[in-house]
Amino acid sequence: MMNKEQLIGKLKIIVKPYTNNPEAYENMDEGTGFIDDLRINSANLVDIILDIEETFDITIDNDDMERMLDVKAAIEIIEAKLAGK
Amino acid sequence: MIGNDVVDIEQARLESDWRRRGFLEKLFTYSEREAITLHPEPETMVWLFWSMKEAVYKIWNRQTLKASYIPHLLECRIDTFDKNSVTGCVEYKKAIFYTQTMIKGNIIKSLAADDLLELAHIKEIAPDIIYKDSDGLPYIYDSGSKIPVSVSHHGRITQVVRL
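Note that the coordinates shown come from a computational prediction; the quantities given were computed from them, not determined experimentally. (Residues numbered from 1 in each chain as written. Chains lettered and ligands numbered in written order. Predicted model: local features only at pLDDT ≥ 70, side-chain atom pairs only at ≥ 80, totals over all residues.)

For chain B, the helix and strand inventory stands at 5 helices and 11 strands. With respect to the three principal axes, the spread of C-alpha positions in chain B is 50 × 35 × 30 Å. For chain B, the proportion of its 163 residues judged to be buried stands at 32%. Summarising the internal contacts of chain B: among those between residues at least 6 apart in sequence, 55% fall at separations of at least 24. (Helix = DSSP H or I, 4+ residues; strand = E, 2+ residues; numbered from the N terminus. Buried ≥ 20, exposed ≤ 12 C-beta atoms within 10 Å, placed from the backbone. Contact = placed C-beta atoms within 7 Å.)

Written as structure tokens, this is what we have:
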């Protein structure tokens, strides 16, 4: 099982190509918002969700997708899905 | 209340692969996906529906001050589709929002309102000085009064609208 730092590290690789704010990206932590802080285009949020599904081999359902707006929620969702595997 | 959204399809081609596995399934309802795949220009339909949803999301966000990733819950319906002009509505939890979209070349511009009369009165204004309130919502000053605006930027296009 990966720890939180490792998860954030993997997430950082996933979000990089969609990020439009390099400074916020460098300082990305649990409090970082994908749209507000990283300035990710909302049409690319689905790419992040699909990349997470592929990277971690999990399925993100609609309820989870709805709150996938920041690093904290993403980590919570990934952790819960990995624990349930 | 009003909202807007612009899509520069040339920019969208650089940023998004709508043919990617899972992309349409996550963002669009069954009937929207059917309309997209049956249309001779599926790419236009993808970004038409997307801009309708985004314009309406801005209204919902302003009404509720909530943030949520809900494109799949905003159900688009098209009422009239002329060459460059599309009218329709978007339903979310039994609430109806009205939309009007212009499609010109590779540019799609959608306007939305929760009231049909308001939709007809939306004006595009020059993107001058735009302020943001404590909730991050944009507004301008017009002769000393605070007027809410909706702002959308994508690729080559920035559009600011008000009532």
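We are not done yet, so read on.
Counting residues in hydrophobic clusters, the biggest one holds 51 residues, and the most contacted among them are A:Leu45, A:Ile49, B:Leu48, B:Phe49, B:Val56 and B:Ala112. Here this core takes 12 residues from helix α4 (residues 42-64) of chain B, the largest share from any one element. (Core = buried A, V, L, I, M, F, W, Y, C linked by C-beta atoms within 7 Å.)

Residue and element names in this part refer to chain B. The 5 strands lie next to each other as β1-β5-β4-β3-β2, forming an open sheet whose pairing is antiparallel. Only two strands of the sheet have a single neighbouring strand rather than two, namely β1 (2-8) and β2 (75-81). Neighbour-to-neighbour, the strand axes of the sheet open up by a mean angle of 20°, direction not taken into account. Sheet contacts for α4: β1, β2, β3 (85-92), β4 (95-104) and β5 (107-113); angle to β1, the most-contacted strand, approximately 150°. (Pairing = 2+ DSSP bridges. Axes fitted to C-alpha atoms, helices over the stretch in contact; angles between N-to-C directions.)

Moving on, we get to the packing of helix α1 (residues 4-15) of chain A against helix α5 (residues 71-83) of chain A. Residue and element names in this part refer to chain A. Orientation of α1 relative to α5, taken along the N-to-C sense of each, is 115°, at an axis distance of 10 Å. In terms of axis orientation, α1 runs roughly perpendicular to α5. As α1 runs across α5, the sense of the crossing is right-handed. Packed against α1, whose contacting residues are Lys4, Leu7, Ile8 and Leu11, the element α5 presents Val71, Ala74, Ile75, Ile78 and Glu79 at the interface. In terms of residue class, the contact of α1 with α5 is made up of 7 nonpolar, no polar and 2 charged. (Parallel < 35°, antiparallel > 145°, perpendicular 65-115°, else oblique. Left-handed = near helix turned anticlockwise from the far one by under 90°. Nonpolar A, V, L, I, M, F, W, Y, C, P; charged D, E, K, R; others polar.)

Below, the discussion takes up the sheet that holds strand β6 (residues 123-125) of chain B. All names here are of chain B. Read across the sheet, 3 strands follow the order β6-β11-β10 without closing on themselves; strand pairing throughout is antiparallel. Single-partner strands in this sheet number two, and they are β6 and β10 (150-154). The sheet shows a mean angle of 30° between the axes of neighbouring strands, taken without regard to direction. As paired strands, β6 and strand β11 (residues 157-162) are joined by 3 bridges and run antiparallel to one another.

A separate point is the environment of B:Ile59. With respect to the secondary-structure elements, B:Ile59 resides in helix α4. C-alpha of B:Ile59 to C-alpha of B:Gly3: the two residues are 56 residues apart in sequence and 5.4 Å apart in space.

Okay, the confidence of the model for chain B next. Across chain B, the average pLDDT comes to 97, with 100% of residues at 70 or higher. This prediction of the complex comes with two scores: 0.96 for pTM and 0.94 for ipTM. (pLDDT = per-residue confidence, 0-100.)

Let us now look at the interface of chain A and chain B. Each partner contributes residues to the interface: chain A has 14 residues there, and chain B has 14 residues. Of all the secondary-structure elements, those providing two or more residues to the side of chain A that touches chain B are α3 (42-56) and α4 (62-66) of chain A. Per-element tally for the side of chain A that touches chain B: the top contributor is α3(A), with 7 residues. Per-class residue counts for the side of chain A that touches chain B are 8 nonpolar, 4 polar and 2 charged.

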